[in-house]
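So the chains spell out like this:
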Amino acid sequence: MGVLTWKNGQYLLGGQPYRIISGAIHYFRVVPEYWEDRLLKLQACGFNTVETYIAWNVHEPKEGEFHFSGMADIVSFIEIAGKLGLHVIVRPSPFICAEWEFGGLPGWLLGYGEIRLRCSDPLYLSKVDHYYDELIPRLVPLLSTHGGPILAVQVENEYGSYGNDHAYLEYLRAGLVRRGVDVLLFTSDGPTDEMLLGGTLGDVHATVNFGSRVEESFRKYREYRTEEPLMVMEFWNGWFDHWMEDHHVRDAADVAGVLDEMLEKGSSINMYMFHGGTNFGFYSGANHIHAYEPTTTSYDYDAPLTEWGDQTEKYEAVRLVLDKHGFKPGCAFPDPIPKAAYGKVALSEMAGLFADANLEHLSEPIKSVCTQPMEKFGQSYGFILYSTFIQGPRQGQQLHIQEVRDRAQVFLDGRPLGIIERWKSEPLDITVPAGGARLDILVENMGRINYGPLIRDSKGITEGVRIDNQFLYDWTIRTLPLEPEMLSSLSYTPVTDEGWAEQVELSMLESEHAGLPRFYRGSFQVEDIGDTFLRFDGWTKGVAWINGFNLGRYWSAGPQKALYIPGPLLRKGGNELVLFELQGGPESCEVELSDQPDLGQTSAVDESVLNFVQDGEDK
């Protein structure tokens, strides 16, 4: 395919002038059966290149345990792109941001209390080296210098937004070269003095990220790089969503106008995102600019291609601009993927989390003097349960959880006492009878922070629990990562009308304190497989699995009102659906599988967030 170089402000491919017209698709946000479909749709819009991050936590979810198959098969994704005639840009930076859990860093790093992230800390670098020793040799045969489709590789990601350790950047660059990466290396940062000073190396190609204000952004870039080609490594054409907010949208004509201006100035571009995909499982991240803001399961991003792979008005607007500048579709747009409405699904069985048999199957009890975060026990994702016995009597006191991360449900003698949330950490009133009471605190990891100075984000109860000023000690702790194989060991019982009515009544009585956490299981039949959408109307908050695959979180707080289920996750015949509902469900114990998506109420993207200059917000 030729080797990418640059000279006199121009990219050269195989020695000939070249423009990179790239779109971002993250393999880890799309089921493998749809990789080719999404790449063809990229090509049909006029793009010649696909860009993807590589998420460390996907490939090494537990230290020393490497995954490179299924949705983690980065090699196959790149090979498919190459087969279709697309070039590839890969960004294997140890940190990727991307609204992805911990910015792609594996949670087990935080089990090393002394580790310092994204700098020349020897312990951190040793973990990066171990990972790169597994990852980079898989990429080297796919480099353009070996006849493969990879044209360029990123050294670190938006590092100027975090630090200024140039020795660290140089260590990463040298490590890539030492392992055989001999294609164009680059960095990407926002177009500000601070970011371009902190995040770049003099002998490594620098690119910039922004969503608007083209003239202003390029002018700042040219103050630092006068000879290099213009490249917008991330042109933000939409935005991501947080729970408890609206679904963000950006006007198609506005996106097309900014794209046209970039191309008129001779820039190459990478559109972030061309296709956003889905934060399946527990992989959605969080922001903390002014407060903790967890990201939704959907990563639709209001991109030209929807989360479920349909083209949009924005897709056509982008295609017309690319066509104007001579970038023609490389293929026809593939046939749409069918969608199916499978109707109501009764969840006919339930299993209580606090049932002794279920707790024993899910987790071994750990005795601890103090509450400790989940990483101390080798856990990265899911939930963690803290239990202790409180002596009584205590009258009219307050229960405090110091540094809860991120959402705690509190139970006293098996009854809901209340909820303490990271973003609204108010104490709960507590009264303990003379004989004492059992205290249970179920804490949910809603996603580690993926951007900024607060990414060191341990989960669970990170400080302690106290009643008024008295700390509580002598805890029994259970880790609840809720991996699929764990769910099969639960003891389910039929949902009776009486039992369900009792749960609904409890939820109503307790109001915001809600009911007890329970697993619900149901089955349905499928003859013709298609994409479908799980509506969770009436349910409060939890996690959903289809045939053992973790679809992600749902929450009535919105904006998202339905979870996307790609057809390949279904099977002909019987299918199993499991919900882990934290609080309480609707009057009827059922859900609906619809053929219509629902990302919730929309609001326009604030123009200020499209530029680092404003408030340091990430993409």
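## Side note on the pattern of salt bridges
Reasoning step 1: Per the stated rule, a full pass over the model turns up 44 salt bridges.
Reasoning step 2: A salt bridge links Glu-223 to Lys-220; the shortest N-O distance between them is 3.0 Å. Here Lys-220 and Glu-223 lie together in helix α7 (residues 214-224), a separation of three residues that amounts to about one turn.
Reasoning step 3: Residue class for Glu-223 comes out exposed when judged on its relative accessible area of 51%.

## Some words on the pairing of strand β5 (residues 49-53)
Reasoning step 1: By the criterion of burial, β5 is predominantly enclosed, with five of the five residues buried.
Reasoning step 2: Side-chain alternation along β5 places Thr-49, Glu-51 and Tyr-53 on one buried face and Val-50 and Thr-52 on a second face that is also buried.
Reasoning step 3: As judged from the three bridges shared by strand β4 (residues 21-25) and β5, these two strands associate in the parallel manner. Bridge pairing in β5 places Ser-22 opposite Thr-49.
Reasoning step 4: In this fold, the crossover linking β4 to β5 by way of helix α1 (residues 35-44) has right-handed handedness.
Reasoning step 5: Relative to strand β6 (residues 87-91), β5 runs parallel, the two sharing five bridges.

## Overview of the packing of aromatic side chains
Reasoning step 1: What the rule picks out here adds up to 35 aromatic pairs.
Reasoning step 2: Measuring from centroid to centroid gives 5.0 Å for Phe-354 and Phe-411, while their planes differ by 80 degrees, and the two rings are edge-to-face. Remark: Phe-411 occurs in strand β20 (residues 407-412) and Phe-354 occurs in the loop between β16 (349-352) and α10 (356-362); sequence separation between them is 57 residues.
Reasoning step 3: Classification of Phe-411 as buried rests on a relative accessible area of 1%.
Reasoning step 4: Each ring, one from Tyr-520 and one from Trp-539, has its centre 5.4 Å from the other, and the planes form 65 degrees; the classification is edge-to-face. Of the two residues, Tyr-520 sits in strand β28 (residues 518-526) while Trp-539 sits in the loop between β29 (532-535) and β30 (541-546), which places them 19 residues apart along the sequence.
Reasoning step 5: Among the aromatic residues, ring-to-ring pairing joins Tyr-27, Phe-28, Trp-35, Phe-77, Trp-100, Tyr-283 and Tyr-381 into one connected group.
Reasoning step 6: Over the ring of Tyr-299 we find Arg-29, and its NZ or CZ is 3.7 Å from the ring centre.

## Focus: the nonpolar core
Reasoning step 1: With 171 residues, the main nonpolar core has Phe-47, Tyr-124, Phe-519 and Leu-534 as its most contacted residues.
Reasoning step 2: In contact with Tyr-124, other than residues within four places in its own chain, are Trp-56, Pro-94, Leu-105, Leu-109, Ile-115, Arg-116, Leu-117, Arg-118, Cys-119 and Tyr-168.
Reasoning step 3: Within the second largest apolar cluster, 25 residues are counted, among which are Leu-417, Val-432, Ala-437 and Val-465.

## What about helix α9 (residues 313-324)?
Counting along an α-helix, one turn takes 3.6 residues, and residues three or four places apart therefore face a common direction.
Reasoning step 1: Under the 1.5 Å per step criterion, the end-to-end length of α9 is 17 Å for 12 residues, consistent within 8% with the ideal 16 Å.
Reasoning step 2: Buried within α9 are the following residues: Lys-314, Tyr-315, Ala-317, Val-318, Val-321 and Leu-322. Buried residues in α9, looked at end-on, bunch into an arc of 165 degrees, giving them a common side. The outward face of α9, more than 90 degrees from its buried face, is lined by the exposed residues Glu-313 and Lys-324.
Reasoning step 3: Buried-residue contacts for α9 involve β4, α1, α8 (252-264) and β12 (268-275).
Reasoning step 4: Two or three places before Lys-314, at the start of α9, stands the capping residue Thr-312, its side-chain oxygen 3.2 Å from that residue's backbone nitrogen.
Reasoning step 5: Among the residues trailing α9, Gly-326 stands out with phi positive, at a value near 90 degrees.

## Section: the packing of α1 against helix α3 (residues 74-83)
Reasoning step 1: Interaxial distance between α1 and α3 falls to 10 Å at its minimum, and their mutual angle equals 40 degrees. Taken together, the axes of α1 and α3 lie oblique to each other. The element α1 and its partner α3 pack so that their crossing is right-handed. Judged by residue contacts, Trp-35, Glu-36 and Leu-39 of α1 engage Ser-76, Phe-77, Ile-80, Ala-81 and Lys-83 from α3.
Reasoning step 2: Looking at the contact of α1 with α3 residue by residue, the class counts come to five nonpolar, one polar and two charged.

## What about the sheet that holds strand β19 (residues 394-405)?
Reasoning step 1: In space, the four strands of this open sheet follow the order β22-β19-β24-β25, with antiparallel pairing throughout. Taken across any chain shown, the strands that pair with only one partner, and hence form the sheet edges, are β22 (428-432) and β25 (470-471).
Reasoning step 2: Relative to strand β24 (residues 460-467), β19 runs antiparallel, the two being bridged by six bridges. Each residue of the ladder has a partner; that of Leu-399, found in β24, is Ile-467.

## Focus: the pairing of β16
Consecutive side chains along a regular strand alternate between the two faces of the sheet.
Reasoning step 1: Where β16 lies against strand β27 (residues 493-494), two bridges are found, and the strand directions are antiparallel. Each residue of the ladder has a partner; that of Glu-349, found in β27, is Pro-494.
Reasoning step 2: Relative to β28, β16 runs antiparallel, the two sharing four bridges. In the strand pairing of β28, Ala-351 is matched with Phe-519.

Cut-offs and rules
All chains use their own residue numbering, which begins from 1 and follows the written sequence. Since the coordinates come from a predicted model, pLDDT governs what is reported: local features require at least 70, and pairs of side-chain atoms require 80 or more to be given and counted, while whole-chain, interface and lining totals use all residues. Values reported for side chains reflect all heavy atoms of the structure, with hydrogen atoms and water molecules removed beforehand. Salt bridges are defined as contacts in which a side-chain nitrogen from Lys or Arg sits within 4 Å of a carboxyl oxygen from Asp or Glu. Counting from the N terminus, the helices are DSSP H or I runs at least four residues long and the strands are E runs at least two residues long. For the exposure calls, accessible area comes from a 1.4 Å probe over protein chains only, and a residue counts as buried if that area is under 20% of its type's maximum, exposed if over 50%, partly exposed in between. DSSP bridges decide pairing: two strands pair if at least two such bridges lie between them. With strands facing away from the observer, any crossover in which the path from the first strand over the helix to the second runs clockwise is taken as right-handed. Note on aromatic pairs: the rings of Phe, Tyr and Trp (six-membered ring only in Trp) are paired at centre separations within 6.5 Å, and the planes decide the class, stacked below 30 degrees, edge-to-face beyond 60, tilted for the rest. The criterion for a charge sitting over a ring is simple: Lys NZ or Arg CZ within 6 Å of the ring centre, and within 35 degrees of the ring normal. In this text, buried Ala, Val, Leu, Ile, Met, Phe, Trp, Tyr and Cys residues form a nonpolar core when linked through side-chain atoms within 4.5 Å. Note on definitions: a residue-residue contact is assigned when non-hydrogen atoms from the two residues lie within 4.5 Å. Helix span, expected: 1.5 Å multiplied by one less than the number of residues in the helix. Each direction from the helix axis to a C-beta atom contributes to the arc, which is the arc of those directions. Whenever a nitrogen or oxygen atom comes within 3.5 Å of another N or O atom, the pair is scored as a polar contact, on the condition that within protein one atom can donate a hydrogen and the other can accept it, and that pairs from neighbouring residues in sequence are kept only if both atoms are in side chains. Helix axes are fitted to C-alpha atoms over the stretch in contact, other axes to C-alpha atoms as well, and angles between N-to-C directions run from 0 to 180 degrees. Roughly parallel means an angle under 35 degrees; roughly antiparallel means over 145; roughly perpendicular covers 65 to 115; every other angle is labelled oblique. Each crossing is labelled by how the near helix is turned from the far one, with a counterclockwise turn of less than a right angle marking it left-handed and a clockwise turn marking it right-handed. Here the term charged refers only to Asp, Glu, Lys and Arg, the term nonpolar to Ala, Val, Leu, Ile, Met, Phe, Trp, Tyr, Cys and Pro, and the term polar to all other amino acids, Gly among them.

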